[in-house]
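# Analysis of the macromolecular model
So the chains spell out like this:
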Amino acid sequence: MSNPVLFAQALVKSYQSGDRRLEVLRGVNLQVLPGETVSIRGESGSGKSTLLHLLAGLDSPENGSIVWGKETNPDAVRSTGYLGMVFQAFYLIPELNARDNILMAKRIQGGLDQAAYARADELLKKVGLSERANHLPSQLSGGECQRVAVARSLMNFPQVIVADEPTGNLDEQTGDSVISLLIDLCADMKTSLVLVTHNPSHAMRTQRQLILKHGVLLEA
Amino acid sequence: MPWYLYLALKQLFSSGQRLFFTLISIVSVALGVMLLIIVMSVMGGFRYEIRQKIVDTQGDLQVRASGYIQNASSLEKVINTVPGVLASTAFAQGVVMLEKDQKPSFPSIQGLDMRTVEKVIPLNRYIIQGSLQDLDDDSVILSSQLALSLGARVGNAVQIYTPLMLEVAKGQDEVLLPTELKVIGIFEIGHQQLDSSTVIVTLRRMQQLYGLGHGVHGINVRIAASEDADLVTARINAALQKAQGKSIDIMPGLWARSWSELNQEFLWVLQLEKNIMTVILLAVVIVSAFLTMSLLLVLVLKKTREIGLLGALGATRKQIALCFCLQGVSIGVVGTSLGLIFGFTFLHFRNDVVLLVTRFTGSQAILERFYQFSEMPAHTAFSDLVIVVISAIVLSTLAGLIPAFIAARLKPVEALRSE
């Protein structure tokens, strides 16, 4: 059996809400294997985004541990491009065109070369936006923006992509096409996917479906 | 190009509303720099022109005594051996009454040693009629405005009355006869005071007019262009002290003073004016720095989620801080460059601007009368240029530091969650 690309154990996270402490995650365990696609569903406020932020190394758990491949330092993980991220609100940089937004992931990692430009063009082709490479986010539709965000998440050949409700801001049809694109690209590139979604039909398209309930992950 | 510089420039110079705000910040810095460079250059120009006029009419430094200098040639020999000294020339000066066709005037008079004067004082440069070479003991050169007010032209005769005549006349029933001299030239220096009331004669004639015998009032000294006047002055003073002990020809009580020492108070006032103007105008640059800071603070607040994204993509806090700090630096560099271009362009056309303004206000004569110059002077010292450039860029950089610090403190997860 291959080593997991992402291994989370006994994650605990809580927030202070007024006088009381709200325990959002109460010992979450998760293992993602290379090339595996996993969905996480749950009610609003169940802690899905909190869990995803922990898995992306953007936040630290109060208890428990996360190992990304063999790395335990979240800063090191982010700086190596091991992880790709897709957000509900796209978060494209408005001053950069589609191509430069994708390249930004590589610029930050360093080593922007001709191969990186070729990779960005290849990704634009894969997400069907070759013709719109020089368009600014303000000139793109919501679905197109999310496609650019998907391409950006794949720019650095990540081992795993964490996607936080990537269809949340899109209509149903566009959302479906974005999920199809994300899953297909991950399969093509043998990249693992952790998808947080509200939508059961999107969740059903992943290999493994999990539900976050009462602060723990359960098999659906 | 590092990503933070790339993004900083993209954010600053993107099209639309943001570009408008960036341009306002840049223009405000440019205006401050332009005003600073113009004012500092014009003030510097006054000082430079005044120095030039002083040096051209008096030499770089003067050697004087408390009374007359009796043995000028021995003294000149000592002075000319001092390192840095190019030449020296003796002079005598005073005030006379000048009369032409019953029209009197009371100009200052300079007696120049015709053998050596041209090595020290480039008077030929300022002669507009006649020639300095034609000056002899029976002739005189008048300043332009004095000639105009007396109605004197080259070839006319003028009468000179000196204080010596009063001394002679005391207690005696003598008729005072003036000395008649022929006008052989007219000079114009461009300094209102000198042009309005100065007469030049030979040293020998001046010694006769004032009854000085072989005495002179001082020695004008020219030094090499590469030498510092104060340094050479100190060398001459040391040489004079040494010579006074050795030679009976060198009288005691002699001292050398550089042009800046001789005009110390006037130069101090000029410097004070320049410093005050610099401080006041620096406030314009400070205000523009605050404008830049508010622009960048708004940007940081508006871009909170993007800052979170940059963190998520692997950007370090230092790099995010640099991204915003460099925007302040860029505004400073571009604004300063434009300010220098605008400033030097204005300085290039300054006389046309002044002419235009004075033509409309009819104040050209007043300008010449009070400011002594027919053209607006300008001289940009390298040190002034460095002060302006560094202060503008440092202030703009400081303006970018606070927004950069706030941006760097944002945690990616909090930034991404922000509304």
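Let's shift gears to the overall build of chain A. Tallying secondary structure elements over chain A gives seven helices and nine strands in all. When the 220 residues of chain A are sorted by exposure, 52% land in the buried category. Restricting the contact set of chain A to residue pairs at least 6 apart, pairs at least 24 apart contribute 71%. For chain A, the computed accessible surface area is about 9,600 Å², with 46% contributed by carbon and sulfur atoms. Side-chain charges of chain A comprise 21 positive and 23 negative groups, with the mean position of each set lying 3 Å from the other.

We now examine the interface of chain A and chain B. Counting from both sides, the interface comprises 23 residues of chain A and, opposite them, 20 residues of chain B. Taking both sides of the interface into account, the surface hidden between chain A and chain B amounts to around 2,100 Å²; carbon and sulfur atoms contribute 66%. Our enumeration of links across chain A and chain B arrives at one salt bridge. Seen at the junction of chain A and chain B, the total is four residue pairs in polar contact (both at pLDDT 80 or more).

So, on to the pattern of salt bridges. Under the counting rule described, the total for this entry stands at 19 salt bridges over all chains. When the shortest N-O distance is used, the salt bridge between Lys126 of chain A and Glu122 of chain A registers 3.1 Å. Residue Lys126 of chain A and its partner Glu122 of chain A are located together in helix 4 (residues 114-126), separated by four residues, close to a single helical turn. A relative accessible area of 34% places Lys126 of chain A in the partly exposed class. Exposure remark for Glu122 of chain A: the relative accessible area of 35% places this residue in the partly exposed category. Residue Arg222 of chain B is joined to Asp60 of chain B by a salt bridge in which the shortest nitrogen-to-oxygen separation is 3.8 Å. Residue Arg222 of chain B is located in strand 11 (residues 216-223), and its partner Asp60 of chain B is located in the loop between helix 2 (17-58) and strand 1 (61-69); the two are separated by 162 residues in the primary sequence. Accessibility classification places Arg222 of chain B together with Asp60 of chain B in one group, the buried group. Residues joined by salt bridges that share partners form a network here, namely Glu95 of chain A together with Lys303 and Glu306 of chain B.

All names here are of chain A. The sheet built from three strands is open, its strands ordered 2-1-4 with antiparallel pairing. The open sheet has two edge strands, strand 2 (20-32) and strand 4 (63-68), and neither has a second partner. Shown here is a sheet whose adjacent strand axes are inclined to one another by a mean of 25°, direction ignored. Two strands pair when backbone bridges link them, and strand 1 (residues 6-17) and strand 2 are joined in this way by ten bridges, in the antiparallel orientation. Note that in strand 2 the partner of Lys13 across the bridge is Leu25. Set on the sheet, helix 1 (residues 48-55) makes contact with strand 1, strand 2 and strand 4; between it and strand 1 the angle comes to about 130°.

Before going further, it helps to spend a moment on the environment of Ala283 of chain B. All names here are of chain B. As for its position among the elements, Ala283 is in helix 11 (residues 264-302). A residue is classified by how much of its surface remains accessible, and Ala283, at 35% relative accessible area, is partly exposed. A sequence separation of 183 residues divides Ala283 from Lys100, and the C-alpha atoms of the two residues are 56 Å apart.

Attention shifts here to the domain arrangement of chain B. Put simply, an interface is often sized by how much accessible area is lost when its parts join up. The domains assigned to chain B are domain 1 (3-50 + 266-417) and domain 2 (71-250). Each of domain 1 of chain B and domain 2 of chain B has a C-alpha centre, and the two are 50 Å apart.

Residues and elements named next belong to chain B. The buried fraction of helix 12 (residues 304-312) amounts to eight of the nine residues, a majority that puts the element mostly inside the structure. Among all positions in helix 12, only Thr304, Glu306, Ile307, Gly308, Leu309, Leu310, Gly311 and Ala312 are buried. At the exit of helix 12 stands Gly314, carrying a positive phi of roughly 110°.

Residues and elements named next belong to chain B. Under the criterion given, the structure shown has three aromatic pairs over all chains. With centroids separated by 5.9 Å and ring planes inclined at 75°, the aromatic side chains of Trp3 and Tyr4 adopt a geometry described as edge-to-face. By relative accessible area, which is 2% here, Trp3 ends up buried. On the basis of an interplanar angle of 65° and a centroid distance of 5.8 Å, the ring pair of Phe20 and Phe21 is categorised as edge-to-face. Here Phe20 falls in the exposed class, since its relative accessible area comes to 51%.

Our focus in this paragraph is the packing of helix 3 (residues 98-109) of chain A against helix 5 (residues 142-154) of chain A. Residue and element names in this part refer to chain A. Where helix 3 meets helix 5, the axes come as close as 7 Å, and the angle between the chain directions of the two elements is 30°. Comparing the axis directions of helix 3 and helix 5 gives the class roughly parallel. Viewed along their axes, helix 3 and helix 5 form a crossing whose handedness is right-handed. Contact with helix 3, carried on its side by Ala98, Asn101, Ile102 and Ala105, involves Val148, Ala151 and Arg152 of helix 5 and no other residues of that element. The residue makeup of the contact of helix 3 with helix 5, split by class, is five nonpolar, one polar and one charged.

Attention now goes to the pairing of strand 7 (residues 139-143) of chain B. In terms of residue burial, strand 7 of chain B counts as a mostly covered element, since five of its five residues are buried. By the alternation rule, side chains of strand 7 of chain B split into Ser139, Ile141 and Ser143 of chain B and Val140 and Leu142 of chain B, which are all buried.

Our focus in this paragraph is unusual backbone geometry. Residues and elements named next belong to chain A. A positive phi angle is found at Glu165, which is not glycine, with a value near 45°. Residue placement: Glu165 occurs in the loop between strand 6 (160-164) and helix 6 (172-188). Glu165 gets classed as buried once you look at its relative accessible area, which sits at 13%. The residue His214 is not glycine, and still its phi comes out positive at about 55°. The class for His214 is exposed, based on a relative accessible area of 63%.

Reading guide: rules and limits
- Residues numbered from 1 in each chain as written.
- Chains lettered and ligands numbered in written order.
- Predicted model: local features only at pLDDT ≥ 70, side-chain atom pairs only at ≥ 80, totals over all residues.
- Heavy atoms only, no water.
- Helix = DSSP H or I, 4+ residues; strand = E, 2+ residues; numbered from the N terminus.
- Buried < 20%, exposed > 50% of the residue type's maximum accessible area, 1.4 Å probe, protein only.
- Contact = heavy atoms within 4.5 Å.
- Areas by Shrake-Rupley, 256 points an atom, 1.4 Å probe, with all protein chains shown as cover.
- Lys, Arg positive; Asp, Glu negative; His and termini not counted.
- Charge placed at Lys NZ, Arg CZ, Asp CG, Glu CD.
- Buried area = accessible area lost by both parts, 1.4 Å probe.
- Salt bridge = Lys/Arg side-chain N within 4 Å of Asp/Glu carboxyl O.
- Polar contact = N/O pair within 3.5 Å; in protein donor to acceptor, adjacent residues only side chain to side chain.
- Pairing = 2+ DSSP bridges.
- Axes fitted to C-alpha atoms, helices over the stretch in contact; angles between N-to-C directions.
- Domains from an automatic or database assignment.
- Phe/Tyr/Trp six-rings, centres within 6.5 Å; stacked < 30°, edge-to-face > 60°.
- Parallel < 35°, antiparallel > 145°, perpendicular 65-115°, else oblique.
- Left-handed = near helix turned anticlockwise from the far one by under 90°.
- Nonpolar A, V, L, I, M, F, W, Y, C, P; charged D, E, K, R; others polar.

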